[in-house]
Amino acid sequence: MEPIKQIRSRTAVLPYTNIDTDQIIPARFLTTTSRAGLGASLFADWRYDEQGTPKADFPLNQSATQGCRVLVAGRNIGCGSSREHAPWALLDYGFQAVISTEIADIFRNNSLKNGLLPVVVDEATATWLLANPGVEVTIDLESGTLGLPDGKKVPFPLEGFARYCLMNGVDELGFLLSRDAAISTYEKAHA
Amino acid sequence: MKTMFQKIWERHEVVPETADTPAVLYIDLHLIHEVTTPQAFTLLRERGLKVRRPDRTFATMDHSTPTRTEQVFGGVPFSIESAAKQVRQLEINCRDFGVELLHLQHDQRGIVHIVGPEQGLTQPGKTVVCGDSHTSTHGAFGALAFGIGTTEVGHVLATQCLLQRRPSTFAINVSGKLASGVSAKDMILAIIGEIGVSGGTGSVIEYRGSAVQALSMDERMTVCNMSIEAGARAGLIAPDDTTFAYLERTPRAPKGSDWTRALADWRTLPSDSGAKFDREITLDGHHIEPMITYGTHPGMVIPVSGTVPVKRNDPVFDKALAYMGLQPGQPIREQPINVVFIGSCTNGRLEDLRAAASVLRGHKVASGVRMLVVPGSQPVKRAAEAEGLDRIFTEAGAEWRESGCSMCIGMNGDNVGRGQYSVSTSNRNFEGRQGQGARTLLASPLTAAASAVRGRVTDARELLNG
Ligand code: SF4
């Protein structure tokens, strides 16, 4: 995984609460055995009509959101299915961070493991971001802050170990494998 | 004084958590299926790793598999080629890495969350994970069970461990007892309606109280299954004599002196009286009614006797109702429907099929309604057939299928059509969950079967008592 220190981008906004992972990537795209190319199916049923034509009123189909790497969503994004295809699809599309007041547990975990940054902010910040699509924000991992256009820096929680892994491009499997002796001891004691 | 969660957690800490690092948590049982594992096995191959404990890993196939008998047993090709490929990939992965697999034609195969308990692999005090959010189901046995992503599936395959921060605890007490005609599905839908779809985020729920203790194992699994629909990491119910009686009959539970030893240990698991939970609420079981969803997440739920809520200046609510084609303020009863689905890891067990059959007996599925009954596993299917339930379904005009996830997720071609209303015993009414444009109303097997008979949303008590 590439180390991430800072993300600076305009925001794309999806002003819906409880965006579940079935919306992020519908189940019919899960019969794949790879993780490549899922960005094309991101939000498929919101993005395209029955003929496969992009719907003009969906934010990701509008020119203003092209190239945006930060997604702002209503409360509780990522609820539902544990499919890791959801962060894979968001990353493949080009997003690097998701901002909301609440991010569902499994989706948050899966995101961290793939370098998609989950940013949980307070209600007032989220309300402002939802009402002002396209603003430039700076997400800084070192300080754990979200920088807004007026210069304000809003702190967001990021578990220390996850931050360390993201900033140094460390993958957790390597860390777990290095605990092999402790795991063997545990297995002997509990055989 | 400890909660059951604390006891199980502490037993599985290989390395306890610190301020800097999460705990290394040992996993006793890793269940796998075809959809969320291919990329994890790819990772293992890339890094030259083995499965550390094939003996603690157990595979089934359920999501992408067909339910038509001729496709399962008759060699007729799958409807979706990529689904067939995914199933083949699981066979290859299990063979290459030495993992036991219930293959397509295996007589014990079924939905992963039905198979684990049925085999007796799910046991009190164990840690159980699966790349599937409804792993919470296994908490019905007092196992700490939760869903993980594919990267974590890779971690468990390679190390039998996960890195985890300790979640908080949440006690949900359901006092009194459920009224007749009210089921475990109604209980969990009422709970989700009460706390909301993110009400359990970050926590492990322990369901307690007399109404919970009175539930059978099949019913407890229905409750724990939908913990994730409240956003919780896991759901737990204390093991008791009901649990032990169920386990004793399963093929892979401990036997002989191992059983005696296990039983003594399992009896120490329930939360100590006076143990503190981070959060606690109580619902009155007497007041729970048959419930049904009207919107596009499981928290949008009302009694079958209720009306769709009216909300002003809420565009997300309006969007959900527009998708569902329902009006604010309309009674949900008598809403015409097109499809009824009985099945899934929520309500695809024998007692669920019995409940549906008890309503259907002597009736016909209303004309124009399609009813699909999909047992949760092949053993459930055979047990139902031994009781003649299959005949009740087919004589009423329903389709009787081989086991699998089927119309719960629609990955195998079993779909609800665009704009159609489906009363489903599954767990998710998200947009498009049962097929593009499908409109799902989640309910119990009783409500679903009664609605099939009348072709409209119906309180089963009208048919059972009338
Ligand atoms: S039955 Fe539905 S919810 Fe259960 S494991 Fe299968 S797809 Fe998931």
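Structural data are supplied above this passage.
Residues numbered from 1 in each chain as written. Chains lettered and ligands numbered in written order. Predicted model: local features only at pLDDT ≥ 70, side-chain atom pairs only at ≥ 80, totals over all residues. Heavy atoms only, no water.

Caption draft 1: Summary view of empty space enclosed by the protein. One pass over the structure, following the stated rule, counts 4 cavities of 30 Å³ or more. In this structure, the largest cavity occupies an estimated 220 Å³ of space. Lining the largest cavity are 24 residues, and of these B:H63, B:D132, B:H134, B:I409 and B:R433 sit closest to its centre. Of the residues in the lining of the largest cavity, the class split is 8 nonpolar, 11 polar and 5 charged. Formed jointly, the lining of the largest cavity draws a minimum of three residues from each of two domains, domain 1 (4-164) and domain 3 (291-465) of chain B. The computed volume of the second largest cavity comes to approximately 70 Å³. Taken together, A:G78, A:C79, A:G80, A:A104, A:D105, A:I106, A:F107, B:I228 and B:G231 make up the lining of the second largest cavity. Split by residue class, the lining of the second largest cavity holds 5 nonpolar, 3 polar and 1 charged. (1 Å grid on protein atoms, 1.4 Å probe; cavity = no way out; pocket = protein on both sides within 12 Å on 5 of 7 lines; lining within 4 Å. Points joined across faces, edges and corners; volume = space filled by probe spheres on them. Nonpolar A, V, L, I, M, F, W, Y, C, P; charged D, E, K, R; others polar. Domains from an automatic or database assignment.)

Caption draft 2: Molecular detail of the nonpolar core. All names here are of chain B. Core analysis: the biggest nonpolar cluster contains 82 residues, and I172, M187, I191 and Y207 have the highest contact counts within it. The element that contributes the greatest number of residues to this core is helix α7 (residues 184-195), accounting for 8 residues. Those residues in contact with I191 that lie beyond four places of it in its chain are I172, V174, G196, Y207 and L283. (Core = buried A, V, L, I, M, F, W, Y, C linked by side-chain atoms within 4.5 Å. Buried < 20%, exposed > 50% of the residue type's maximum accessible area, 1.4 Å probe, protein only. Helix = DSSP H or I, 4+ residues; strand = E, 2+ residues; numbered from the N terminus. Contact = heavy atoms within 4.5 Å.)

Caption draft 3: Up close: the layout of surface pockets. Empty space within the largest pocket amounts to approximately 960 Å³. What lines the largest pocket is a set of 42 residues, among which A:R108, A:N109, A:L112, A:K113 and A:E172 lie closest to the centre. Within the residue set of the lining of the largest pocket, elements represented by two or more residues are α4 (105-114), β4 (117-120), α6 (160-168) and α7 (172-177) of chain A together with α2 (38-47), α6 (150-159) and β8 (161-164) of chain B. A total of 6 residues in the lining of the largest pocket trace back to one element, the largest contributor, which is α4(A). Looking at the lining of the largest pocket residue by residue, the class counts come to 19 nonpolar, 10 polar and 13 charged. Residue assignment for the lining of the second largest pocket shows that the elements contributing at least two residues are α7, β12 (279-284), β14 (301-303) and α12 (315-324) of chain B. Grouping the constituent residues of the lining of the second largest pocket by class yields 16 nonpolar, 11 polar and 9 charged. When residues are assigned to domains, the lining of the second largest pocket turns out to be shared by domain 2 (168-244 + 266-287) and domain 3 (291-465) of chain B, each giving three or more.

Caption draft 4: Expanded view of the sheet that holds β8(B). The sheet built from 3 strands is open, its strands ordered β1-β2-β8 (chain B) with antiparallel pairing. Across the chains shown, the open sheet's two edge strands, defined by having one partner strand only, are β1 (13-15) and β8 of chain B. In this sheet, adjacent strand axes meet at a mean angle of 40° when their direction is disregarded. Bridge count between β1(B) and strand β2 (residues 23-26) of chain B: 2 bridges; the pairing is antiparallel. Paired with B:E13 across the strands is B:L25, a residue of β2(B). Most of the contacts of helix α8 (residues 180-189) of chain A go to β1(B), to which it runs at about 145°, and overall it touches β1, β2 and β8 of chain B. (Pairing = 2+ DSSP bridges. Axes fitted to C-alpha atoms, helices over the stretch in contact; angles between N-to-C directions.)

Caption draft 5: Here's a closer look at the environment of B:D272. All names here are of chain B. Positionally, D272 belongs in the loop between α11 (256-266) and β12. Spatially, the C-alpha atom of D272 lies 47 Å from that of N313, the residues being 41 residues apart in sequence. With residues near it in sequence (within four places) discarded, D272 still touches M1, K2 and K7. A distance of 2.8 Å separates the side chain of D272 from the side chain of K7, its partner in a polar contact. (Polar contact = N/O pair within 3.5 Å; in protein donor to acceptor, adjacent residues only side chain to side chain.)

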